Amino acid sequence: AQLYCLTPLPWNKDNVSLQYASCVWELLGGILFWKNACDMVVVIALYDDEKQRVLHKKRRILQQLMRQCQETLAKVKLVLGSMQLKRVDDVESIINHHIVDQREVLVDLKNTFKDPDHAGRWQSADAEQVFQTLVLQMAEYLDEPNELAISFWQLAPHEWRGENDSES
């Protein structure tokens, strides 16, 4: 295409600024035409002649990656679950050991405070009362350890509580 703006035409022969505006307008149109032509060449050059094999390959790779991520997530869930069960087992073992220790203490106290001369009788009413209170407190400790600790703390002498309050 020729740039007709360089030659005077009947409608712009006396007006030079109109000639320059027409020339700039045609130049802009020519630039846009060549840019679109270059884009069309790129589209034709990159035309998918492999019948979308690349797209299918990308989808297959993404599906494999997704499957691997799901498998890894499942493994992580199993590991976390087993770690949680291990922790529960550890706590259960500690509690069972504690219960066994408390039972041994109670059996020793019962054997100590039972009257050997009279089977099934206590040496005194106070010994029976202390033993029953101790059994209840140990059971309460297993049920609500924090409440029992607070009740024991309140039974402590005031001067001892004052010394240990400042330490904590």
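Remember, it's a predicted structure, so these values are computed and weren't measured experimentally.

What follows deals with the overall build of the protein. Summing up its helical and strand segments, the protein has five helices and zero strands in all. Listing each helix as α and each strand as β along the protein from the N terminus yields α-α-α-α-α. Every one of the 168 residues in the protein was classed for burial, and the buried ones make up 9%. Expressed as a percentage of contacts within the protein between residues at least 6 apart in sequence, the contacts between residues at least 24 apart total 27%. Carbon and sulfur atoms make up 62% of the accessible area of the protein, which amounts to about 14900 Å² in all.

Moving on, we get to the pattern of salt bridges. The final tally for this structure, using the stated rule, is one salt bridge. Its salt-bridge partner being K35, residue D39 comes within 3.3 Å of it at the nearest N-O pair. Separated by four residues within a single helix, D39 and K35 lie in helix 1 (residues 16–45), roughly one turn from each other. Residue classification places D39 among the partly exposed residues on the basis of a relative accessible area of 36%.

Here the focus is the packing of aromatic side chains. Using the criterion set out here, one finds one aromatic pair in the structure. Summarising the aromatic geometry, the rings of F33 and W34 are spaced 5.4 Å apart at their centres and angled 75° between planes, so their arrangement reads as edge-to-face. Relative accessible area serves as the criterion here: at 57%, W34 is assigned to the exposed category.

A grouping of V76, V79, L80 and M83 is seen on the molecular surface, where their side chains present a nonpolar patch of about 370 Å² in accessible area. Looking at where L80 falls in the secondary structure, it is placed in helix 2 (residues 53–113).

Attention now goes to the confidence of the model for the protein. In the predicted model, the protein carries a mean pLDDT of 76, and 71% of its residues have values of at least 70. Per-element confidence in the protein ranges from a low mean pLDDT of 53 for helix 5 (residues 158–167) to a high of 84 for helix 2.

Cut-offs applied
- Residues numbered from 1 in each chain as written.
- Predicted model: local features only at pLDDT ≥ 70, side-chain atom pairs only at ≥ 80, totals over all residues.
- Heavy atoms only, no water.
- Helix = DSSP H or I, 4+ residues; strand = E, 2+ residues; numbered from the N terminus.
- Buried < 20%, exposed > 50% of the residue type's maximum accessible area, 1.4 Å probe, protein only.
- Contact = heavy atoms within 4.5 Å.
- Areas by Shrake-Rupley, 256 points an atom, 1.4 Å probe, with all protein chains shown as cover.
- Salt bridge = Lys/Arg side-chain N within 4 Å of Asp/Glu carboxyl O.
- Phe/Tyr/Trp six-rings, centres within 6.5 Å; stacked < 30°, edge-to-face > 60°.
- Patch = residues over 30% accessible without salt bridge, like charges linked within 9 Å, V, L, I, M, F, W, Y side chains within 5 Å.
- pLDDT = per-residue confidence, 0-100.

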